[in-house]
Amino acid sequence: MKIYLSKLDSPFGRIFLASSDNGLVQIGLAAREKFLSEVQKKYPESDLVEDDSKNHAVVDQLSEYFRGKRMTFSVPIRFDGTD
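Criteria and cut-off values
- Residues numbered from 1 in each chain as written.
- Predicted model: local features only at pLDDT ≥ 70, side-chain atom pairs only at ≥ 80, totals over all residues.
- Heavy atoms only, no water.
- Helix = DSSP H or I, 4+ residues; strand = E, 2+ residues; numbered from the N terminus.
- Rg over C-alpha atoms; globule rule 2.2 N^0.38 Å.
- Buried < 20%, exposed > 50% of the residue type's maximum accessible area, 1.4 Å probe, protein only.
- Contact = heavy atoms within 4.5 Å.
- Areas by Shrake-Rupley, 256 points an atom, 1.4 Å probe, with all protein chains shown as cover.
- Lys, Arg positive; Asp, Glu negative; His and termini not counted.
- Charge placed at Lys NZ, Arg CZ, Asp CG, Glu CD.
- Core = buried A, V, L, I, M, F, W, Y, C linked by side-chain atoms within 4.5 Å.
- Pairing = 2+ DSSP bridges.

## Brief notes about the overall build of the protein chain
Regarding its fold elements, the protein chain presents two helices and four strands. The N-to-C order of helical and strand elements in the protein chain reads β-β-β-α-β-α. Its C-alpha radius of gyration of 13 Å places the protein chain within 12% of the 12 Å reference for a compact globule of 83 residues. Taken over the C-alpha atoms alone, the protein chain extends approximately 35 × 25 × 25 Å along its principal axes. Looking at the 83 residues of the protein chain, the share that counts as buried comes to 36%. When contacts within the protein chain are restricted to residue pairs at least 6 apart in sequence, long-range pairs at least 24 apart make up 46% of them. When the accessible area of the protein chain is evaluated, it comes to approximately 5,700 Å², of which 50% is carbon and sulfur surface. Positive and negative charge centroids in the protein chain, built from 12 and 13 side chains respectively, lie 5 Å apart.

So this is what it looks like as structure tokens:
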């Protein structure tokens, strides 16, 4: 599985995003290295790829939210957990 990485500058600082072909898998405000470490730990068999085009909808919707133009989100979110 590939995990696509992007970043967004927000009023709270830089936000890091990770998604798969099935939706957003992680979002964080941590330092980039810590965020990458968390993603690698959660998805050890995945290839991490910098690809803003795969997170375009998330970036757009978060940007609209920070400008006060959006209250709900429609991007798919992939919830992974333990059994």
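## A closer look at the nonpolar core
Ile3, Leu5, Phe16, Ala18, Val25, Phe35, Leu36, Val39 and Tyr43 form the largest nonpolar core, which has nine residues in total. Elements with a contribution of two residues or more to this core: strand 1 (2-10), strand 2 (13-20) and helix 1 (32-42). With three residues, helix 1 is the single largest residue contributor to this core. Apart from residues no more than four positions distant in its own chain, Phe16 is found in contact with Ser6, Lys7, Gln26, Ile27, Gly28, Ala30, Ala31, Arg32 and Phe35. Counting residues in hydrophobic clusters, the runner-up holds eight residues, among them Leu17, Leu24, Val59 and Leu62.

## Points about helix 2 (residues 56-66)
All of the buried residues along helix 2 are Val58, Val59, Gln61, Leu62 and Ser63. In this structure, the buried side of helix 2 is in contact with strand 1, strand 2 and strand 3 (23-28). Where helix 2 ends, the next residue or the one after it, Gly68, has phi of about 80 degrees, a positive value.

## A few points about the pairing of strand 1
Sheet topology note: the strand 1/strand 4 (residues 47-50) ladder contains four bridges and is parallel. Across the sheet, Tyr4 pairs through a bridge with Val49, a residue of strand 4. Summarising the sheet, strand 1 and strand 2 pair through seven bridges and their orientation is antiparallel. Across the sheet, residue Lys7 finds its bridge partner in strand 2, namely Phe16. Counting the residues that bridge the hairpin from strand 1 to strand 2 gives two residues.

What is shown is where atoms sit, not what they do.
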